[in-house]
Amino acid sequence: SIVRGQIYVGGIVGESSGTFENCTNEADVIATNIHAGGIVASASSNDATITNCHNTGNIKGMAYVGGIAGSCFANVTNCTNTGDVEGSGTYGVGGIIGITTSQYSVTVKGCYNTGNITSTLKGYAYVGGIVGSFPNANARGTIEDCYNTGTVTADPTSSYCSGGLLGGGYGNIYDSFNTGTVIG
């Protein structure tokens, strides 16, 4: 199955300020514009949480594209992505989260990605195995007890900010590892 739309396209829900627990998406998700996620395209409340959710579908969009959440204000715990994730626009393609908020600190804990994470953008891609971008120094994000085994790919001649765990931005990383190839 395929879930397809223009903006805010999610395997479970497009945009929400609610909590997600024990959710699974197996469908491919395609956004022709921004905000695409395996569980939620945009998790828009820092009071919410995303816990024990799993995505196996392939996720594709322009920017803010993630295996679990495209853009995310919520803390994410014990979630997994095994689908491939692809973005073609600026700022944020990740195995778990594409981009976090610039207002609140977000923690990603106990999560893993095995899917391939790709940005086709020539420019500021911010592509990471767990999180694409933590965008604000005043709201630093955290990656803890996470790992990535998928290949992370950005244009090797003209893209910026690629990493096995974090593409770029302001984040702290604890007790986590990457074994996937990083190109970019």
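Above this text sits the structure in question.
Residues numbered from 1 in each chain as written. Predicted model: local features only at pLDDT ≥ 70, side-chain atom pairs only at ≥ 80, totals over all residues. Heavy atoms only, no water.

Participant: Which parts of the structure should I look at to understand a nonpolar patch on the surface?
Facilitator: A contiguous nonpolar patch, built from Tyr91, Tyr124 and Tyr160 and spanning about 320 Å² of accessible area, is present on the exposed surface. Assignment of secondary structure puts Tyr91 in the loop between strand S16 (85–87) and strand S17 (93–94). (Patch = residues over 30% accessible without salt bridge, like charges linked within 9 Å, V, L, I, M, F, W, Y side chains within 5 Å. Areas by Shrake-Rupley, 256 points an atom, 1.4 Å probe, with all protein chains shown as cover. Salt bridge = Lys/Arg side-chain N within 4 Å of Asp/Glu carboxyl O. Helix = DSSP H or I, 4+ residues; strand = E, 2+ residues; numbered from the N terminus.)

Participant: What should I look at first to understand the sheet that holds strand S1 (residues 2–5) in this one?
Facilitator: What holds strands together in a sheet is hydrogen bonding between their backbones, with the strands either parallel or antiparallel. Across the sheet, which stays open at both edges, the 7 strands sit in the order S1-S6-S11-S16-S21-S26-S31 with parallel pairing between neighbours. In this open sheet, the two edge strands, each paired with only one partner strand, are S1 and strand S31 (182–183). Bridge count between strand S26 (residues 152–153) and S31: 2 bridges; the pairing is parallel. Residue Thr153 lies in a different strand from S31, and its bridge partner there is Ile183. (Pairing = 2+ DSSP bridges.)

Participant: Explain the sheet that holds strand S30 (residues 177–178) to me, please; I cannot follow it from the model alone.
Facilitator: Overall, parallel pairing links the 6 strands, which are arranged S5-S10-S15-S20-S25-S30 in an open sheet. Of all strands in the sheet, those bounded by a partner on one side alone are strand S5 (24–25) and S30. Relative to strand S20 (residues 112–113), strand S15 (residues 80–81) runs parallel, the two sharing 2 bridges. Within S20, the residue paired with Asn81 across the bridge is Asn113.

Participant: I keep staring at the packing of aromatic side chains and nothing clicks. Help me out?
Facilitator: The geometry of an aromatic ring pair is captured by two quantities: the separation of the ring centres and the angle between the planes. If you walk through the whole model with that rule in mind, you get 7 aromatic pairs. Residues Tyr91 and Tyr124 carry aromatic rings whose centres are separated by 6.3 Å and whose planes lie at 10° to one another, so their mutual orientation is stacked. Within this pair, whereas Tyr91 is found in the loop between S16 and S17, its partner Tyr124 is found in strand S22 (residues 124–128), the two being separated by 33 residues in sequence. A relative accessible area of 35% means that Tyr91 is categorised as partly exposed. A ring pair is formed by Tyr112 and Tyr147, whose centres lie 5.0 Å apart and whose planes are at 5°; its orientation type is stacked. Linking Tyr112 in strand S20 with Tyr147 in strand S25 (residues 147–148), this pair joins segments that are 35 residues apart in sequence. Of the residues examined, Tyr147 reaches a relative accessible area of 28% and is grouped as partly exposed. Through pairs of rings, three or more aromatic residues link up here, namely Tyr91, Tyr124, Tyr126 and Tyr160. (Phe/Tyr/Trp six-rings, centres within 6.5 Å; stacked < 30°, edge-to-face > 60°. Buried < 20%, exposed > 50% of the residue type's maximum accessible area, 1.4 Å probe, protein only.)

Participant: What is the right way to look at the environment of Val127 in this model?
Facilitator: Examined against the element boundaries, Val127 turns out to sit in strand S22. In this structure Val127 comes out as buried when scored by relative accessible area, which is 0%. The spacing of Val127 and Asn148 is 21 residues in sequence and 13 Å in space, taken between C-alpha atoms. Each residue touching Val127, except ones within four places of it in the same chain, is listed here: Val93, Ile117, Thr118, Ser119, Gly132, Val152, Thr153, Ala154, Cys161, Ser162, Gly163 and Gly167. (Contact = heavy atoms within 4.5 Å.)

Participant: Before we go on, may I ask you to explain the side chain of Ser133 in this structure?
Facilitator: Looking at where Ser133 falls in the secondary structure, it is placed in strand S23 (residues 131–134). With residues up to four places along the chain from it excluded, the contact list for Ser133 reads Gly98, Ile99, Thr100, Tyr126, Leu166 and Gly168.

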